[in-house]
Amino acid sequence: MAGMAVQSALRWVAIGGVFALPFIVFIVAQSLFFPFITGKNFAFRILVEVVAGAWIALALTDPAYRPRKSWILFAFAAFVALLGIADALGAYPAKSFWSNYERMDGWVTLAHLLAYLVAAVSVLNTEKLWRRLWEVSLAISSLVAILSLMQLVGAMALGQGGTAGLTARLDATFGNPIYLAAYMLFHVFIAALLLHQTGKDRWSSAERIVVSGIVAISVAVVASNVKGSAWLPYAMLLLVDGLAVYLLMKTRAYLLSFILALDVLVLFSTGTRGTMLGLFGGVALGALLYATSSSSVKIWKWIGIGALALVIAGTGLFLARNTAFVQGIGFLNRLSTISINDATVQARFLNWGMAWEGVKERPLLGWGQENYALVFDKYYDPRMYGAEQWFDRVHNSIFDWLVAGGFLGLIAYLSIFGAAFAALWRPAFTPIERSIFAGLLAAYFFHNLFVFDNISSYLLFATTLGYIAWRASQSAAPILRASLLPIRTLPIVAIVAVIGVWGVAYAVNAKALATNRFLLQAIAPQQEGLTKNLEYFKKALAQNSYGSQEIREQLVQGTAQLSNAQGVPNELKKQFLDLAISEMQKQAEDSPLDARPPLFLGVLLGAYGDDAGALAALQRALSLSPKKQTIMYEIAAAQLAQGQVDAALATYKQAFELLEENVDARLYYAAAAIRFGEAQLADELLAPVIPTGRAADSRITAAYAQAGRYDKIAVIWEARVQTDPQDVQARFTLAAAYYGQGDSARAISALEEIGRLFPDAKSQADSLISDIRSGKPVL
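Since the structure is predicted, the reported quantities are computational estimates derived from the model, not experimental observations.

Calculation rules
- Residues numbered from 1 in each chain as written.
- Predicted model: local features only at pLDDT ≥ 70, side-chain atom pairs only at ≥ 80, totals over all residues.
- Heavy atoms only, no water.
- Helix = DSSP H or I, 4+ residues; strand = E, 2+ residues; numbered from the N terminus.
- Buried < 20%, exposed > 50% of the residue type's maximum accessible area, 1.4 Å probe, protein only.
- Contact = heavy atoms within 4.5 Å.
- Areas by Shrake-Rupley, 256 points an atom, 1.4 Å probe, with all protein chains shown as cover.
- Lys, Arg positive; Asp, Glu negative; His and termini not counted.
- Salt bridge = Lys/Arg side-chain N within 4 Å of Asp/Glu carboxyl O.
- Polar contact = N/O pair within 3.5 Å; in protein donor to acceptor, adjacent residues only side chain to side chain.
- 1 Å grid on protein atoms, 1.4 Å probe; cavity = no way out; pocket = protein on both sides within 12 Å on 5 of 7 lines; lining within 4 Å.
- Points joined across faces, edges and corners; volume = space filled by probe spheres on them.
- Nonpolar A, V, L, I, M, F, W, Y, C, P; charged D, E, K, R; others polar.
- Axes fitted to C-alpha atoms, helices over the stretch in contact; angles between N-to-C directions.
- Parallel < 35°, antiparallel > 145°, perpendicular 65-115°, else oblique.
- Phe/Tyr/Trp six-rings, centres within 6.5 Å; stacked < 30°, edge-to-face > 60°.
- pLDDT = per-residue confidence, 0-100.

### Some points on the overall build of the protein
Counting secondary structure elements, the protein contains 34 helices and zero strands. Expressed as a percentage of the 779 residues in the protein, the buried residues total 53%. Within the protein, counting contacts between residues at least 6 apart in sequence, those at least 24 apart form 70% of the total. As displayed, the protein offers around 33,600 Å² of accessible surface, 63% of which is attributable to carbon and sulfur atoms.

Pasting the structure below:
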């Protein structure tokens, strides 16, 4: 009897943990570094560890709780095992295994996903349980959607800043629009599945109570997050919730359709173009698959109407792309600007090219997870000069897994999709179910061709795979039929499981959590002063957890800022500096192929006047990323600090010649040429960019001012005013250039024009005119 009671308790612990996982999307841990990422991931890992511990105890004593033979489970397990080998043999195994706080990915996350997948397939052993899980997840998505709508109307702030409203890219509790888009993508298809399975049923009394509770929670959550006293958010909330309560009185189809439409709206409002296109493609594929399985002509008629409507809508959007209406609605503007010439799209293509170079170097097992940054450094394409300078993801799942695990890793990853599609064509699935899941997998795969996964999309993908595997393997035998332990031993097994779960949870999470909190305290203002910050940095580093690189980089950046800080004792600065140098040297040893540690070290040493040490570190960084212009700029600055004028000019020239269309490199080179008497060279460099107004740059202006060439400054800023007449600051700079030339009349005329054209700047212009006329210096 005791064994049976313990078995029942363990079963409900495992099931409860599985049902708790969808709620992690609400976690935003403000007490942690990277609050949108870390809180969700720590919760996911701890819950999975509890679920896995309970499941293992059950599986040891009862074959009924062991997964049945499934190619999906085999493919996923093989993928995780292969990535483990690739990580161990990769360029930075520790980071590949543990990842960092910004991503919290790595092999440890894959291992937890595998544990979750196997446990879920084993303990959710009835259709009713799976359906309840889908319903819980969909209900949570509706709450997330309502929070998102609060951002849409400006009642809640965006997670990572920016202006809320119709043009904003919503992120709800995810902190990143692409994460929210993937989350909603899954739930659109989940809603479609439930519509098919239960749409004609009516809600039970218990279900109405639960949904009404969710409505009440949504009111409370939104009311606690709304800013100000605007009536619109509350009115919209009451309208949405009132409609939901009304629909509860109808069949399930009404409320499910409403939630589906709500999730589609939020998906589009994230402005994530790859996900929007993935949704279109997934729905189209699902419709075609269903049509081919049906003899009804009516279905083909509706597909034709849908395709025609899509073409008309797309054409209309393209034609209206420059209208205020389209540009005033974020997702319409994003869709209308899809182009291979778009800066974001170009950056994606360039990343794919760099990734391919890395794959060619390590084709079999790749570089290990979390190591694309090393490939990005080594094969950096100078055409990336206008984009983010540090990519740690390719933003394409094919190339991400190619880099992480080589061709073997990619094949293992694709085999998961292959096994899932094969399972869908078993008799266990109806044609509509097959079409829905095929459309979902295709949409998700397409979405991942332009972005990357996070814990919420990983969890939904694993849950989808688990359901497909469970449905398809009902007639298969358990992987191991024999009882390994008699059920009477289950109480003892349960105690061992509790101890095991505690041990694993502590080893995986405790130090990492403590380190994270110490880091957040280290970078936050402390009442005790900077000495306390230094103490927290030391505590964080002493944990020796996987956040060490982030701690070290934050330490270096903070220490560099202290170099010119007033009121900070030199002894304290030295303590910060010594620790920062030591830790960044350790980071360079831990990851010898990474250009970031020597670059950070070089900038730090330069800030404290160690020009020789800075130059040596920066040259090391350049050897690891030989085509990155930003490193060359730092090297040239260090060379100038040491009086190596010719060497600095040569370095600026090298950066410029890597890609002459890089205006930044051109301006750095031109400014150096002006400062060191190479006037003809400067004229040649600036000639192409003066007419466009792009030579109007503080570096050029300062260099010419130092040389006393205000005539040159005037020419440059005249061109700027011509290209952008609304740039009032450009007009002030032009007036200053005239004054610097000794032409007070033109300076006054320029200032008077500012006063006429820009009423808000008139008082400033009049003050300067008064100073000029009274003979006061204005420069």
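### Topic: the side chain of D453
With respect to the secondary-structure elements, D453 resides in the loop between α18 (431-447) and α19 (455-472). Despite its burial, D453 pairs with no opposite charge, the nearest such side chain being R393 at 8.8 Å. Only 2.8 Å separates the side chain of D453 from the side chain of Y444, close enough to count as a polar contact. There is a polar contact of 2.7 Å between the side chain of D453 and the side chain of S457. Residues in contact with D453, not counting those within four places in the same chain, are Y444, N448 and Y458.

### A short note on empty space enclosed by the protein
Per the stated rule, a full pass over the model turns up six cavities of 30 Å³ or more. If you add up the space inside the largest cavity, you get close to 230 Å³. With five residues, the single largest contributor to the lining of the largest cavity is helix α17 (residues 397-424). Taken together, the residues that form the lining of the largest cavity break down as seven nonpolar, six polar and six charged. If you add up the space inside the second largest cavity, you get close to 150 Å³.

### Topic: the packing of helix α26 (residues 629-641) against helix α27 (residues 645-658)
At their nearest, the axes of α26 and α27 sit 8 Å apart, and the two run at 170° to each other. As far as their axial angle goes, α27 and α26 are roughly antiparallel. Only V645, A647, A648, T651, Y652, Q654, A655 and L658 of α27 make contact with α26, whose side of the interface consists of Q629, M632, Y633, I635, A636, A637, Q639 and L640. Classifying every residue of the contact of α26 with α27 gives twelve nonpolar, four polar and no charged.

### Examining the packing of aromatic side chains
The description of two aromatic rings rests on the distance between their centres and on the angle between their planes. Scanning the entire structure with this criterion turns up 37 aromatic pairs. Geometrically, the ring pair formed by F33 and F34 is edge-to-face, given 4.7 Å between the ring centres and 65° between the ring planes. Relative accessible area serves as the criterion here: at 10%, F33 is assigned to the buried category. F34 gets classed as partly exposed once you look at its relative accessible area, which sits at 28%.

### Topic: the packing of α17 against α18
One way to put it is that α17 packs onto α18 with a least axis distance of 11 Å and a crossing angle of 170°. One way to sum up the angle between α17 and α18 is to call them roughly antiparallel. Judged by residue contacts, I398, Y413, L414, F417, A420, F421 and L424 of α17 engage R434, F437, A438, L441, A442, Y444 and F445 from α18. When grouped by side-chain class, the residues that make up the contact of α17 with α18 number 13 nonpolar, no polar and one charged.

### Remarks on the side chain of S148
Mapped onto the secondary structure, S148 falls in helix α6 (residues 127-152). Among the residues examined, S148 registers a relative accessible area of 0% and is labelled buried. In this structure the side chain of S148 is engaged in a polar contact, spanning 2.9 Å, whose partner is the backbone oxygen of V144. If sequence neighbours within four positions are ignored, S148 has contacts with L170, A172, L180 and V266.

### Focus: the confidence of the model for the protein
Counting all residues, the mean pLDDT for the protein is 87, and 85% of those residues have values of 70 or more. Per-residue pLDDT, averaged within each element of the protein, yields its smallest value for helix α13 (residues 324-327) (52) and its largest for helix α3 (residues 71-88) (97).

### Some words on the pattern of salt bridges
A pair can form between side chains of opposite charge whenever their charged atoms are brought close. Following the criterion strictly, the structure yields 31 salt bridges and no others. Two residues, E535 and K539, come together in a salt bridge whose shortest N-O distance is 3.3 Å. Of this pair, E535 and K539 both sit in helix α21 (residues 530-542), separated by four residues, roughly a single helical turn. Accessibility expressed as a relative area gives 33% for K539, which makes it partly exposed. The network of salt bridges with common partners includes E102, R103, D105, E370, D392 and R393.

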